[in-house]
Amino acid sequence: MQDIANEAGISAGAIYRYYPGKDELAHAFFEQCAGGGPAAMVRNVAPDAPPVERLVKIVEAVKRMWIENAGEHVIGEIQTAMAGIRQPEEVGPLVHNAREQLYEALTEIVEEGQRTGEIDPEFDPGRWRSLSTHS
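A short note on the nonpolar core
Ala 39, Val 42, Val 45, Ile 58, Ala 61, Ala 105, Leu 106 and Ile 109 form the largest nonpolar core, which has 8 residues in total. Elements supplying a minimum of two residues to this core: helix 4 (37-44), helix 5 (51-68) and helix 7 (92-116). Among the elements that make up this core, the one with the highest residue count is helix 7 (3 residues). Among the nonpolar cores identified, the runner-up in size contains 5 residues, and Met 1, Ala 5, Ala 12 and Leu 25 belong to it.

And the structure:
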């Protein structure tokens, strides 16, 4: 806890004021990582642009984030996924829910593109789920 406090520039007592122990702090961390952040980002990138342009801008935003953070956000994603595996009852649903929200946001864009004729109507956006999840 002291290392975390030092990194955050606060006292350990300030952390304990909100989180009684490491488990509660870790749970809050994983809730934040597995929250709706990725889905919100997808929904907020060029929301008024045509669907294909939005998808391109989303890829560009992810690439920019990767470059700016030197790939460090991947560590948080791996830690979150591992916590979901180690604590399937507690953290697993958070990870699953975040992934589902992300897929839903991307699916909405693809389906809009299919309605406007920008994206092949034969493309199955649900395929993302089957490619990346085995639950």
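So, next bit.
Some remarks on the side chain of Arg 54
Summarising the element assignment, Arg 54 is placed in helix 5. Leaving out residues up to four positions away in the same chain, Arg 54 has contacts with Val 42, Arg 43, Val 45, Ala 46, Pro 47, Ala 49, Ile 109 and Glu 112.

Section: a negative patch on the surface
Taken together, the side chains of Asp 23, Glu 24, Glu 31 and Glu 90 make up a negatively charged region of the molecular surface. Within the element layout of this structure, Glu 24 appears in helix 3 (residues 22-33).

Quick look at the side chain of Gln 114
By the element assignment, Gln 114 lies in helix 7. Within the structure, the side chain of Gln 114 is placed 2.7 Å from the backbone oxygen of Phe 123, a separation counted as a polar contact. Gln 114 has contacts with Ile 119, Asp 120, Pro 121, Phe 123 and Pro 125, leaving out every residue within four places of it along the chain.

So, the pattern of salt bridges
Applying the stated rule across the entire model yields 2 salt bridges. Between Arg 43 and Glu 108 there is a salt bridge; the shortest N-O distance is 3.1 Å. One end of the pair, Arg 43, is in helix 4; the other, Glu 108, is in helix 7, and 65 residues separate them in sequence. Here Glu 108 falls in the partly exposed class, since its relative accessible area comes to 36%. A cluster of three or more residues bridged by salt bridges with shared partners is formed by Arg 43, Glu 104 and Glu 108.

Observations concerning the environment of Ala 5
Within the secondary structure layout, Ala 5 lies in helix 1 (residues 2-8). Overall, Ala 5 belongs to the buried group, its relative accessible area being 0%. The sequence separation of Ala 5 and Asn 69 amounts to 64 residues, and the corresponding C-alpha distance is 22 Å. Setting aside residues no more than four positions away along its own chain, Ala 5 makes contact with Ile 10, Ser 11, Ala 12 and Ile 15.

Reading guide: rules and limits
- Residues numbered from 1 in each chain as written.
- Predicted model: local features only at pLDDT ≥ 70, side-chain atom pairs only at ≥ 80, totals over all residues.
- Heavy atoms only, no water.
- Core = buried A, V, L, I, M, F, W, Y, C linked by side-chain atoms within 4.5 Å.
- Buried < 20%, exposed > 50% of the residue type's maximum accessible area, 1.4 Å probe, protein only.
- Helix = DSSP H or I, 4+ residues; strand = E, 2+ residues; numbered from the N terminus.
- Contact = heavy atoms within 4.5 Å.
- Patch = residues over 30% accessible without salt bridge, like charges linked within 9 Å, V, L, I, M, F, W, Y side chains within 5 Å.
- Areas by Shrake-Rupley, 256 points an atom, 1.4 Å probe, with all protein chains shown as cover.
- Salt bridge = Lys/Arg side-chain N within 4 Å of Asp/Glu carboxyl O.
- Lys, Arg positive; Asp, Glu negative; His and termini not counted.
- Charge placed at Lys NZ, Arg CZ, Asp CG, Glu CD.
- Polar contact = N/O pair within 3.5 Å; in protein donor to acceptor, adjacent residues only side chain to side chain.

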